[in-house]
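Chain and residue survey
So the chains spell out like this:
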Amino acid sequence: MLQDERVPEADELDPAAMRVHYRSQGLAEADLAPDPYEQFRRWFAQAATGGLYEPNAMVVSTADAAGRPSSRTVLLKGYDERGFVFYTNYTSRKARELGENPHVSLLFPWHSIARQVIVTGTADRVGRDETAAYFRSRPYGSQLGAWASDQSATVAGRAQLDDSYAELAARYPEGEPVPVPPGWGGFRVRAESVEFWQGRENRLHDRLRYVREGGRGAAAEGWRVERLWP
Ligand SMILES: Cc1cc2nc3c(=O)[nH]c(=O)nc-3n(C[C@H](O)[C@H](O)[C@H](O)COP(=O)(O)O)c2cc1C
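In this text the structure is predicted, and so the values were computed from the model without any measurement. (Residues numbered from 1 in each chain as written. Predicted model: local features only at pLDDT ≥ 70, side-chain atom pairs only at ≥ 80, totals over all residues. Heavy atoms only, no water.)

**Side note on the site of the ligand**
For clarity, the cut-off: Nearness here has a simple test: a residue counts as near a molecule or strand if at least one of its heavy atoms is within 4 Å of that partner. As used in this structure description, the phrase polar contact means that two N or O atoms lie within 3.5 Å; if the pair is within protein, one of them must be able to donate a hydrogen and the other to accept it, and residues adjacent in sequence are counted only when both atoms belong to side chains. Here the accessible surface of atoms and residues is derived via Shrake-Rupley with a 1.4 Å probe, and residues count as covered only by protein chains that are part of the display. Starting at the N terminus, helices and strands are each numbered in turn, a helix being any DSSP run of H or I of at least four residues and a strand any DSSP run of E of at least two.
Residues in close proximity to the ligand include Glu54, Arg72, Thr73, Val74, Leu75, Tyr87, Thr88, Ser92, Arg93, Lys94, Gln151 and Ser152, which together make up its full environment. The backbone of Leu75 places a nitrogen or oxygen atom 3.1 Å from an oxygen atom of the ligand. The contact in question runs from an oxygen atom of the ligand to an N or O atom on the side chain of Gln151, over 3.1 Å. When the free accessible area of the ligand is taken as 620 Å², the share hidden by the protein chains comes to 64%. Secondary-structure elements contributing two or more residues to the shell around the ligand are strand S2 (69–75), strand S4 (83–89) and helix H2 (93–100). Of the residues forming the shell around the ligand, the biggest block, four residues, is contributed by S2.

Dropping the structure here:
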């Protein structure tokens, strides 16, 4: 949330002069969990209990068939050994791009604790039952919002958006079940690599990356861990 409306002077905002001293506590190979999901669970728990605002906010980057990238923030809504799940409109730009090119990157920017996690992988739609179960857990207003938005298309004005919401509120009164919008649902990103970045002093950061080895199927899967130069 913005603290005040004052616009800082340009010399207060010179990005070249912005430096923070990162925590010296590191991330060592010996401390890593056997798989990236458990390691993510540990770091996510620390981010969530460490006072971070929306620790489940992640930057999702996609690319179209021609390789042109695009990024946006979405909220992580679940993760396990099958992958990382978010929900969105299936008509949105990101969904269209994932239809053309399933390769995706997720980035968790946990700046205030000098950490970031970067996942690369491929995205598939989650099953309709899973989407429906999550949709039903959302507040009424968010359920209507999912219906109201033709996400990523141009809209004539704010009034069109508000009118769309009002029409839906009349069609689906509060207290009655709202059907799941057919053009809305989840994506699950199956990880191919997961990098855990821990800021350290003098820019000697720790970067440990799990890389998937083997094919699909739990028995065949394993993870190699490699350390990257910072
Ligand atoms: C903190 C934050 C959380 C967001 N969470 C979601 C989300 O979970 N799902 C979603 O579709 N859009 C979410 N958005 C909006 C997206 O950033 C984006 O504007 C929208 O999905 C359309 O993206 P696209 O046109 O690239 O497909 C969020 C934005 C912010 C800033």
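And the narrative resumes.
**Topic: the UniProt feature "domain: Pyridoxamine 5'-phosphate oxidase N-terminal" (unreviewed entry) in the protein**
Applicable threshold: UniProt positions are given in the numbering used here, feature names are shortened, and annotations may be inferred rather than shown by experiment.
As annotated in UniProt, the feature "domain: Pyridoxamine 5'-phosphate oxidase N-terminal" (unreviewed entry) corresponds to residues 52–162 in the numbering used here. For residues 52–162, the end-to-end C-alpha separation is 32 Å, with 29% helix and 39% strand making up the annotated structure.

**A short note on the pattern of salt bridges**
Heads up, the rule is: By convention in these notes, a salt bridge is any Lys or Arg side-chain nitrogen within 4 Å of a carboxyl oxygen on Asp or Glu. Whether a residue is buried, partly exposed or exposed follows from its accessible area with a 1.4 Å probe, protein chains only, as a fraction of its type maximum: under 20%, in between, or over 50%, in that order.
This structure, assessed with the given rule, holds 15 salt bridges. Residues Arg82 and Asp80 are paired through a salt bridge, measuring 2.9 Å at the closest nitrogen-oxygen approach. Since its relative accessible area comes to 43%, Arg82 is described here as partly exposed. Its relative accessible area of 22% is what places Asp80 among the partly exposed residues.

**Regarding the side chain of Gln39**
Condition: By definition in these notes, contact holds between two residues if any of their heavy atoms fall within 4.5 Å.
By secondary structure assignment, the location of Gln39 is in helix H1 (residues 36–49). Excluding residues within four positions of it along the chain, Gln39 makes contact with Leu27, Asp31, Leu32, Ala33, Phe196 and Tyr210.

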